[in-house]
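For reference, the chains in residue letters:
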Amino acid sequence: NAWDGSGRKQGVVAVTSDHGEYFGEHQYLEHGRTIYPTVLHVPLVLRAADVDAGAVFEKPAAMHHLHGELLRRAGIPSELSLMDPPETIYAAAWSDVYWAQALGGEFQHDHRLLRRGSEVAMASSDGSCSLFNVDEDPRMLGPGKDCGAYKQELVELFSQDNAGALVAPSEETLERLKSLGYVGE
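Residues numbered from 1 in each chain as written. Predicted model: local features only at pLDDT ≥ 70, side-chain atom pairs only at ≥ 80, totals over all residues. Heavy atoms only, no water.

S.K.: Would you mind showing me how to read the pattern of salt bridges here?
M.R.: When charged atoms on two side chains of opposite charge get close, those side chains can pair. Applying the stated criterion across every chain yields a total of five salt bridges. The closest approach of N and O atoms between Glu153 and Arg116, which form a salt bridge, is 2.7 Å. Placement of the pair is Glu153 in helix H5 (residues 150–160) and Arg116 in strand S6 (residues 111–116), with a sequence separation of 37 residues. Given a relative accessible area of 22%, Arg116 falls into the partly exposed group. Its salt-bridge partner being Glu175, residue Lys178 comes within 3.8 Å of it at the nearest N-O pair. Placement of the pair is Lys178 and Glu175 together in helix H6 (residues 171–179), with a separation of three residues, close to one helical turn. Each of the salt bridges in this network shares a partner with another, and the network as a whole consists of Asp50, Glu69, Arg72 and Arg73. (Salt bridge = Lys/Arg side-chain N within 4 Å of Asp/Glu carboxyl O. Helix = DSSP H or I, 4+ residues; strand = E, 2+ residues; numbered from the N terminus. Buried < 20%, exposed > 50% of the residue type's maximum accessible area, 1.4 Å probe, protein only.)

S.K.: How should the state of the cysteines be read in this particular structure?
M.R.: Here a disulfide denotes one covalent bond, and it connects the sulfur atoms of two cysteines. Counted according to the given criterion, the structure contains one disulfide. For Cys129, the disulfide goes to Cys147, at an S-S distance of 1.9 Å. For the disulfide bridge between Cys129 and Cys147, the dihedral angle about the S-S bond is near -95°, and by the sign convention the bridge is left-handed. With Cys129 in strand S8 (residues 129–133) and Cys147 in the loop between strand S9 (145–146) and H5, this pair connects stretches of sequence that are 18 residues apart. Here Cys129 matches Cys147 in class, with each residue buried. (Disulfide = S-S within 2.5 Å.)

S.K.: I would appreciate a short explanation of unusual backbone geometry in the present structure.
M.R.: Trans peptide bonds make up most of the peptide bonds, and negative phi angles are found at most residues other than glycine. Phi at Met140 takes a positive value of approximately 55°, unusual for a residue other than glycine. Looking at the secondary structure, you find Met140 in the loop between S8 and S9.

S.K.: Just to check I follow, could you spell out the environment of Ser95 for this structure?
M.R.: Residue placement: Ser95 occurs in the loop between strand S5 (88–93) and helix H4 (97–103). We classify Ser95 as buried; its relative accessible area is 7%. Once the C-alpha coordinates of Ser95 and Ser125 are considered, the two residues, 30 residues apart in sequence, prove to be 9.7 Å apart.

S.K.: What am I meant to see in the confidence of the model for the protein chain here?
M.R.: Close reading of the predicted structure is inappropriate where its pLDDT is low. Model confidence for the protein chain is summarised by a mean pLDDT of 76, while 76% of its residues fall at 70 or above. Contacts of residues 162–166 to residues separated by more than four positions or lying in other chains number seven contacts, the stretch itself having pLDDT below 50. (pLDDT = per-residue confidence, 0-100. Contact = heavy atoms within 4.5 Å.)

S.K.: In this structure, what is going on with the pairing of S8? I would like to understand it.
M.R.: The side chains of a regular strand alternate between the sheet's two faces. Two elements, strand S7 (residues 119–124) and S8, share five bridges in a ladder whose sense is antiparallel. Residue Ala123 lies in a different strand from S8, and its bridge partner there is Cys129. Pairing between S8 and S9: two bridges, direction antiparallel. Directly across from Leu131, in S9, lies its bridge partner Lys145. (Pairing = 2+ DSSP bridges.)

Rendered as structure tokens:
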């Protein structure tokens, strides 16, 4: 309402989050190093002169599509757009020394996800791979099925980067993170 009453003809307001939070889903709290929809799906409110108030876009997009959309609206060329996201959405989560040592389990592994339509395939560096239909199980709480044809594509995603290599933070960095409440004692 403030936007509509401002008389502005140009400009964009975007409100979103960088990640969601677990509140018991998958037996997790906070947001951790995983890639379930609970931490991937975040709200996005976009208001601009050419976006109708209350318009809803059903097609999933990645955060870099928002970046591209904002650049495009600022007159800077970008091929990325919220209005035309690609058919496949990819996500990745990497393990880190603290979470791996403190919690073990799946926190010891890197994870990759791809989504096409309602199908979501999720793989872990331990070799496991599960396929979910998010129309039927939106939070992927049930048992997944075999990844089938997606497994090779997910394996290739693991080989395309090494950004997830375990790197221990320096003592100074660890102390600073503790003082800020990001890691426990």
